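# Residue-level structure breakdown
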Amino acid sequence: MPDPNAMWGRAPRRDGRPGWDLSRRRFLQLGLGASALGLVAACSSTRSGGEATVGPDSPQVGDFASAEEQRFPAGGRVTRTVVAAPADVDLAGIRDTAWLYDGQLPGPVLRADVGDRVQIRFRNQLPDPTTVHWHGLAIRNDMDGVPDVTQPPIPVGAEFVYEFVPPDPGTFWYHTHGDLQRGRGLYGALIVDDPAAPADHDAEFVVVLSDWLTGSTPTQMYDRLRGGSMESSPMTSTALGGDAGDVRYPLYLLNGRPPADPAVFTATPGQRALLRIVNASDDTAFRVALGGHRLTVTGSDGFPVEPVRTGSVLLGMGERYDAVVALGDGAFPLVAAAEGKGAQAFAMVRTGGGAPPDPAASPDELRAPPLTVADLRAAAAVQLPARDPDVTLGASLGGNMETYTWTVNDRAYPTYTPLTVGSGRRARIVYTNTTKMYHPMHLHGHTFAVARPGGTGPRKDTVIVLPGQTIATDFDTDNPGQWIVHCHNDYHLAAGMATIVSYRS
Ligand SMILES: [Cu+2]
């Protein structure tokens, strides 16, 4: 079997040339597709002033990885294999063919401690090339799993060994970064524990939300969108400030199960349960509530926030929320309403007797406006220290519905104008949404702070930008490499809404 790792020399470069040139040569040797070559060419053509692009095989990436290992001298080892392959699923009697990690929908919950040396031997038994992205983890660039940016796509039948050190505890997830592959089932939760921090909960419920097409693939749906067949009845949401999506789905899943065959979480009355909620969907924001309970939100995108009580939370694609709930006695509906789409995902929480809740139940907690990022403040321990940005980068989010093209700064990826940064700076990305739809914008390799006076904004890796809204996000440029920043609507990403934060040296 070909070993793609061998194509990415891990040893520091000795020839002094920019890493990207080497990558380009290797792409050429591999005979990869036109899109990959186009991407590399687009990047190379923007080099200027003698600055060199810091690519995934640049020595700076090796230096970063060494520093991370030194930062966690007592780190343990987590080694496992993950296989992606097609498999049949039965969704309450609806049979479908999915693409799954280890035959599970969602994929297995992966777990490690902060500072562990994680080694995941990934086997691609799919019919298409793929990669795996470790969403939210600020890890070494060459392990970020973005095809044609941080690694060549892993060929059919091949293996790639991902190795990284998770630097922060929290609720993360992993998913394919291949074109429109995620909606076939290639996603799962990734939990990073902090052995030094005692848990303040008795039970843990990992809740992975997704939207599911039956009888067609995301690629077929994308072709329909490109062909101009948008939903005849528009979906709108006040909380999302306009359009709630491009696709109305036949099924919404909670831990891979439809409402007719729900997951059941069990605990005992009075226990404190930690909900780790992941929105793994392609085109659906979810409003989540537990009937008869209030949620205390304690984290967002893996990072702690000052606890805040709410009836419900609203998650865009790619976002995670942690919430603690003191459980009552009985059986309760855990509902993830597909925002603006008139349907829901559902599970049951059971601590005692009583009739099971109706899968169509709509708890009162869903009525009030949901908690959003505007209600969150970073916990003191994780605040990004206040500092004026050294560099401010604009990202204008655009769309053309006639061609179904979504853009950043008027370009549709893989054509892009890079957002150029140097190491050791405070960078600010200012997103401006000129479209009628919200976009959950995700930055790889960093955890930004939503910019607020005094530096109190929550730390996140994915933030909803509402129609007409401008949001500034700040981060320290402490992880050299090439990092994609993109809308986490998988159709918008496929249609171009992405660019690259490009480190230069
Ligand atoms: Cu979008």
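Residues numbered from 1 in each chain as written. Predicted model: local features only at pLDDT ≥ 70, side-chain atom pairs only at ≥ 80, totals over all residues. Heavy atoms only, no water.

## Quick notes on the overall build of the protein chain
- What the protein chain contains, in helices and strands, is five helices and 32 strands.
- In the protein chain, once contacts between residues fewer than 6 apart in sequence are set aside, the share between residues at least 24 apart is 76%.
- Carbon and sulfur atoms provide 50% of the accessible area of the protein chain, an area that totals close to 18,300 Å². (Helix = DSSP H or I, 4+ residues; strand = E, 2+ residues; numbered from the N terminus. Contact = heavy atoms within 4.5 Å. Areas by Shrake-Rupley, 256 points an atom, 1.4 Å probe, with all protein chains shown as cover.)

## What about helix H3 (residues 59-71)?
- Between its first and last C-alpha atoms H3 spans 18 Å; for 13 residues at 1.5 Å apiece the expected length is 18 Å, and the two agree.
- Residues Val61, Phe64, Ala65 and Glu68 constitute the buried set of H3. With its buried residues spanning 95 degrees around the axis, H3 presents them on a single face. Structural note: H3 exposes Asp63 and Gln70 on the side pointing more than 90 degrees away from its buried face. (Expected span 1.5 Å × (residues − 1). Buried < 20%, exposed > 50% of the residue type's maximum accessible area, 1.4 Å probe, protein only. Arc of directions from axis to C-beta.)

## Observations concerning the nonpolar core
- Phe205, Val288, Leu334, Tyr491 and Val501 are the most contacted members of the largest nonpolar core, which totals 78 residues.
- Built from parts of two domains, this core gets at least three residues from each of domain 2 (203-376) and domain 3 (381-503).
- The contacts of Val501, once residues within four sequence positions are left out, are Leu419, Val421, Ile429, Leu443, Phe475, Gly481, Gln482, Trp483 and Val485.
- Phe72, Val78, Ala112 and Tyr174 belong to the second largest nonpolar core, which has 29 residues in total. (Core = buried A, V, L, I, M, F, W, Y, C linked by side-chain atoms within 4.5 Å. Domains from an automatic or database assignment.)

## Remarks on the sheet that holds strand S12 (residues 251-254)
- The strand order across the open sheet formed by six strands is S12-S9-S14-S19-S16-S17, and the pairing between neighbours is mixed. Looking at which strands have only one partner, the edges of the open sheet turn out to be S12 and strand S17 (303-310). Ignoring which end each strand starts from, the neighbouring axes of this sheet average 25 degrees apart.
- In terms of strand pairing, strand S16 (residues 295-300) meets S17 through five bridges, oriented antiparallel. (Pairing = 2+ DSSP bridges. Axes fitted to C-alpha atoms, helices over the stretch in contact; angles between N-to-C directions.)

## Concerning the packing of aromatic side chains
- Across all of its chains, the model carries twelve aromatic pairs by this definition.
- Judged by centre distance (5.3 Å) and plane angle (75 degrees), the ring pair of Trp134 and Tyr162 falls under edge-to-face. Of this pair, Trp134 sits in strand S5 (residues 132-135) while Tyr162 sits in strand S6 (residues 159-164), placing them 28 residues apart in sequence.
- For Tyr162, a relative accessible area of 0% corresponds to the buried category. (Phe/Tyr/Trp six-rings, centres within 6.5 Å; stacked < 30°, edge-to-face > 60°.)

## Points about the coordination of the copper ion
- Every protein donor of the copper ion is listed here as His439 (ND1), Cys487 (SG) and His492 (ND1), and their distances to the metal cover 2.0 to 2.1 Å.
- Coordination of the copper ion draws on donor residues from a single chain, spaced H-x47-C-x4-H in sequence. Here His439 is found in strand S26 (residues 439-443), whereas its partner His492 is found in helix H5 (residues 490-494), with 53 residues between them in sequence.
- Taking the relative accessible area as the measure of exposure, His439 reaches 0% and is therefore buried. (Donors = N, O, S within 2.8 Å, 3.2 Å for Na, K, Ca; no water.)

## Topic: the sheet that holds strand S7 (residues 170-176)
- Across the sheet, four strands lie side by side as S3-S8-S7-S5; this open sheet has mixed pairing. This sheet does not close on itself; its edge strands, each paired only once, are strand S3 (110-113) and S5. Within the sheet, the average angular offset between the axes of one strand and its neighbour, ignoring direction, is 25 degrees.
- Pairing of S5 with S7, which is carried by four bridges, proceeds in the antiparallel orientation. Each bridged residue has a counterpart across the sheet, and for His133 the counterpart in S7 is His175.

## Comments concerning the pairing of strand S21 (residues 343-350)
- For S21, the tally of buried residues reaches six of eight residues, placing the bulk of the element in the interior.
- Bridge count for strand S13 (residues 263-266) against S21 is four bridges, and the pairing is parallel. Paired with Thr266 across the bridge in S21 is Arg350.
- Bridge analysis of strand S20 (residues 331-338) against S21 gives eight bridges, and the strand direction is antiparallel. Of the residues in S21, the one forming a bridge with Ala338 is Ala343.
- Counting the residues in the hairpin turn of S20 and S21 gives four residues, including Gly340, whose phi is positive at 75 degrees.

## Focus: the pattern of salt bridges
- Scanning the model with the defined rule gives 24 salt bridges in all.
- Across the pair Glu306 and Arg377 runs a salt bridge, and its minimum N-O distance is 3.4 Å. Separated by 71 residues along the polypeptide, Glu306 in strand S17 and Arg377 in the loop between S21 and strand S22 (391-400) bring together distant segments of the chain.
- By relative accessible area, which is 34% here, Glu306 ends up partly exposed.
- Where salt bridges share partners, they join Asp301, Glu319, Arg320, Lys460 and Asp461 into one cluster. (Salt bridge = Lys/Arg side-chain N within 4 Å of Asp/Glu carboxyl O.)

## So, the side chain of Thr130
- Turning to its location among the elements, Thr130 is positioned in the loop between strand S4 (117-124) and S5.
- For Thr130, the contacting residues outside a window of four places in its chain are Phe122, Asn124, Pro153, Ile154, Thr176 and Gln181.

## Some details on helix H4 (residues 218-226)
- Where H4 is concerned, the buried positions are Pro218, Met221, Tyr222 and Leu225. Projected onto a plane normal to the axis of H4, the buried residues spread over an arc of 100 degrees and lie on a single side.
- Taken together, the buried residues of H4 touch H5.
- Phi turns positive one or two residues past the end of H4, at Gly228, with a value near 90 degrees.

## Looking at the side chain of Asp96
- Relative to the elements of secondary structure, Asp96 occurs in strand S2 (residues 94-101).
- No salt bridge forms around the buried Asp96; measuring N to O, its nearest opposite-charge neighbour Arg184 is 8.4 Å away.
- For Asp96, the side chain forms a polar contact with the side chain of Trp212, separated by 3.0 Å.
- Among all residues touching Asp96, those that are not within four sequence positions of it are Ala87, Asp88, Val89, Trp212, Leu213, Thr214 and Gly215. (Lys, Arg positive; Asp, Glu negative; His and termini not counted. Polar contact = N/O pair within 3.5 Å; in protein donor to acceptor, adjacent residues only side chain to side chain.)

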